[in-house]
There are 2 protein chains.
Amino acid sequence: MKADKISEAVVRRLPVYLRYLNELHKREVTTVSSQELGQKLDLNPAQIRKDLAYFGDFGRKGIGYDVVYLIDKIRHILKIDQQINVALVGAGNLGQALSNYNAYLKDNMKIVAVFDSSPAKIGHQINTLTVQPMDELRETVRQLHIRIGIITVPDFEAQRVADEMIESGIGAILNFAPTIIKAPPHIRIHATDFTTDLLSLAYYLENGKDDNENDDQ
Amino acid sequence: MKADKISEAVVRRLPVYLRYLNELHKREVTTVSSQELGQKLDLNPAQIRKDLAYFGDFGRKGIGYDVVYLIDKIRHILKIDQQINVALVGAGNLGQALSNYNAYLKDNMKIVAVFDSSPAKIGHQINTLTVQPMDELRETVRQLHIRIGIITVPDFEAQRVADEMIESGIGAILNFAPTIIKAPPHIRIHATDFTTDLLSLAYYLENGKDDNENDDQ
DNA sequence: TAGATTGTTAATCGATTAACAATC
DNA sequence: TAGATTGTTAATCGATTAACAATC
């Protein structure tokens, strides 16, 4: 296939494929079919084939996909065949927790700097990193070629931090604060909100004991 | 409108509406239009009206929506007009960070118990909660009427923990481990995966310096 | 050759957006 | 009455799934 603009849904599945492919590789499996991938990842095999076909002909008819080859291809598509440096702003509990994921992010992504605006936090050590003051953001982003920012500050600070990140030249932001961040269209923003996730789960609970509803199941 | 089955996309927007409505209420705003909501939340006003109309006629033509009334309605729809108790399994950094969100979850959702399988963690204090051993899960779920579980254990333990939660009578799970959890269809599982979010962001970076691609923009 | 599995087209399904009559 | 805004239908858009020829 090739070309066409790729939908966000497709892009978000690529890391999921990659994760399972890495696991297969570790288990020394060399080949995998869309059928098996689909079963393991709860996805339709046709969808997986279509997703991959957007980027090239990676499989072999009658055989399936070569695990190592596909890993390489997906890493290239995601642009993680080069190291991508990440800055995290907000050295609270969540920020500290995420810093520990560096080990998981072995795929050439790395949190290389942590910032906070609170004097109480500055200078503290988080793993191998020292919490830096916000006014060093710009210079550090430049020096370390940081391209992605993670926001783990309280909601009322999130927009300001995003603005500073963008000012500093960061190209994409992962926002954990429960607020909608506005940014120019060339800056990519993904939001992930724990409270929203949790509240929406409640909707699907079957009705509790003290209950006399019967509208939606 | 009423009836029809409600799509997941709609349900996931309800907590977003609720969050902003709460903010409006705090600012003593009494009425809001779908237009203003849409602008603030980066959503299409028609979509907002349609979302809400699935559940009833909450607005007034020519006027908009009454903030307090709509808050009440959404809380009822999400079933958080009763308190919903939550258990968290995995008292690592992420688990501890999430426990601190109790303050944010004022909408009648509360993490009321924390578990871990590691003897080193059991007995530790996290805010007001004491980390309990896994074999107390079942009994605690029953006693405290816990209905939602949060999984913050390493990936290789996630499926087992989910199974135990389901065994214990938990009806919905929020999974932070980077693995696909299998469960019977009546158990709702939402996944939220930091590494997947971050890797997919890289795709959208404009091409870096050392680069000679020009296929996708 | 027979069996398996891809890449791709066509069919289906679902979600978003536009438009507008109803009405406050 | 004039202006604003809902609720809802119809139009559009996009994503998923089924089906199958191509081929390893």
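Per chain, the residues get numbers from 1 upward, laid out in the order the sequence is written. Throughout, the order in which chains and ligands are written sets their labels, letters from A for the former and numbers from 1 for the latter. Where local features are concerned, this predicted model is filtered to residues with pLDDT of at least 70; where side-chain atom pairs are given and counted, the filter is 80 or more; whole-chain, interface and lining totals use all residues. As a convention, hydrogens and water are excluded, and side-chain values are obtained from all of the structure's heavy atoms.

Per an unreviewed UniProt entry, the recorded name for chain A is Redox-sensing transcriptional repressor Rex, and the organism is Paenibacillus terreus. Its UniProt record gives chain A the following Sequence similarities (unreviewed entry) comment, quoted word for word: "Belongs to the transcriptional regulatory Rex family." UniProt positions are given in the numbering used here, feature names are shortened, and annotations may be inferred rather than shown by experiment. In its Subcellular location (unreviewed entry) section, the UniProt record describing chain A reads: "Cytoplasm".

> Which residues make up the sheet that holds strand β4 (residues 84–89) of chain B, and what values go with them?
Sheet strands pair via backbone hydrogen bonds, and the direction of the pair is either parallel or antiparallel. With respect to topology, seven strands assemble into an open sheet ordered β6-β7-β5-β4-β8-β9-β10 (chain B), the strand pairing being mixed. Strands at the two margins of the open sheet, each flanked by one partner only, are β6 (125–126) and β10 (188–191) of chain B. Here, a strand pair is defined by DSSP locating no fewer than two bridges between the strands. The helix and strand labels rest on DSSP assignments: H or I over at least four residues marks a helix, E over at least two residues marks a strand, and numbering proceeds from the N terminus. In terms of strand pairing, β6(B) meets strand β7 (residues 129–133) of chain B through two bridges, oriented antiparallel. Paired with B:Gln125 across the bridge in β7(B) is B:Thr130. Across the sheet, helix α8 (residues 194–202) of chain A lies against β4, β5 (109–116), β8 (146–151), β9 (172–175) and β10 of chain B, angled at about 160° from β9(B), the strand it touches most. Contacts: residue pairs with any heavy atoms within 4.5 Å of one another. Only the stretch in contact is used when a helix axis is fitted, and all axes are lines through C-alpha atoms; the angle between N-to-C directions ranges over 0 to 180 degrees.

> Account for the interface of chain A and chain B, naming residues and giving values.
A common way to report how large an interface is uses the accessible area buried once the components associate. Of the residues lining the interface, 67 residues belong to chain A; the matching set on chain B comes to 69 residues. Overall, the association of chain A and chain B removes approximately 6,700 Å² of surface from exposure, summing both partners, and the carbon and sulfur fraction of that is 64%. Basic side-chain nitrogens of Lys or Arg form a salt bridge, by our definition, when they fall within 4 Å of a carboxyl oxygen of Asp or Glu. Counting every contact that joins chain A to chain B gives six salt bridges. When the shortest N-O distance is used, the salt bridge between A:Arg12 and B:Asp197 registers 3.1 Å. Accessible surface is computed with a 1.4 Å probe, and the buried area is the amount of it that two parts give up when combined, taken over both parts together.

> Describe the UniProt feature "DNA-binding region" (unreviewed entry) in chain A, with residues and values.
Taken from the UniProt record, the annotation "DNA-binding region" (unreviewed entry) applies to residues 16–55 of chain A. For residues 16–55 of chain A, the helix share is 70%, the strand share is 5%, and the end-to-end C-alpha distance is 16 Å.

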